[in-house]
Amino acid sequence: MYSQTVKDHFANPRNVGELENPDRIGTAKNQADGDRVQLHLSVRDRVIVDIRMKVMGCVAAIAATSCYSELIKGQTVENALAISKETLVQALGGLPENKIRCSLTCIDALKNAFPE
Ligand code: FES
């Protein structure tokens with residue numbers, strides 16, 4: 001059901017936890033089931049230099065947020081915000097159709113960290 005990449009991110013999630021002094025915090029809730037994502041970000045000159053994440057959600061949500069944290073680390077804020085659901089799902093080696101919405105919560109959390 002899940003790709004090897006999804007299984008790996010679920011078993012060994014990257015960038016878990018919190019930063020001591022984050023420059024930004026973004027949170028989002030999956031409206032369908034109430035699951036949550038929190039992102040802590042360090043930002044220098046509009047570049048995301050460090051990130052930590054916490055997820056209360058399913059396998060797909062944990063794997064997607066872990067993968068997303070790797071995709072956005074080192075990116076400019078603008079480039080990170082431009083990463084689409086399709087790009088994230090592709091980086092995960094695909095997700096079951098009914099789990100794609102679980103990958104959106106981390107994307108929403110980043111948007112909420114940069115409301116301007
Ligand atoms: S995040 Fe709730 S089912 Fe995936």
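None of the values given here were measured: they were computed from a predicted structure. (Residues numbered from 1 in each chain as written. Predicted model: local features only at pLDDT ≥ 70, side-chain atom pairs only at ≥ 80, totals over all residues. Heavy atoms only, no water.)

Caption draft 1: Geometry of the nonpolar core. In this structure, Leu41, Tyr68, Ile72 and Leu110 are the most contacted members of the largest nonpolar core, which totals 33 residues. Taken together, the elements giving at least two residues each to this core come down to β2 (36–44), β3 (47–56), α2 (59–72), α3 (77–81), α4 (85–91) and α5 (104–113). Here this core takes seven residues from α2, the largest share from any one element. (Core = buried A, V, L, I, M, F, W, Y, C linked by side-chain atoms within 4.5 Å. Buried < 20%, exposed > 50% of the residue type's maximum accessible area, 1.4 Å probe, protein only. Helix = DSSP H or I, 4+ residues; strand = E, 2+ residues; numbered from the N terminus.)

Caption draft 2: Expanded view of the pairing of β2. With six bridges joining them, strand β1 (residues 24–29) and β2 adopt antiparallel strand pairing. Among the inter-strand pairings, Arg24 is bridged to a residue of β2, identified as Leu41. Between the antiparallel neighbours β1 and β2 lie six residues, among them Gly34 with a positive phi of about 85°. Direction of pairing for β2 relative to β3: antiparallel, over a ladder of nine bridges. Residue Leu41 lies in a different strand from β3, and its bridge partner there is Ile51. (Pairing = 2+ DSSP bridges.)

Caption draft 3: Expanded view of the sheet that holds β2. Taken in spatial order, the three strands of this open sheet run β1-β2-β3, and their pairing is antiparallel. Each edge of the open sheet is held by one strand with a lone partner, namely β1 and β3. On average, each strand axis in the sheet is tilted by 20° relative to the strand beside it, whichever way the strands run. Contacts between α5 and the sheet are confined to β1, β2 and β3, with β1 contributing the most and set at about 140° to the helix. (Axes fitted to C-alpha atoms, helices over the stretch in contact; angles between N-to-C directions. Contact = heavy atoms within 4.5 Å.)

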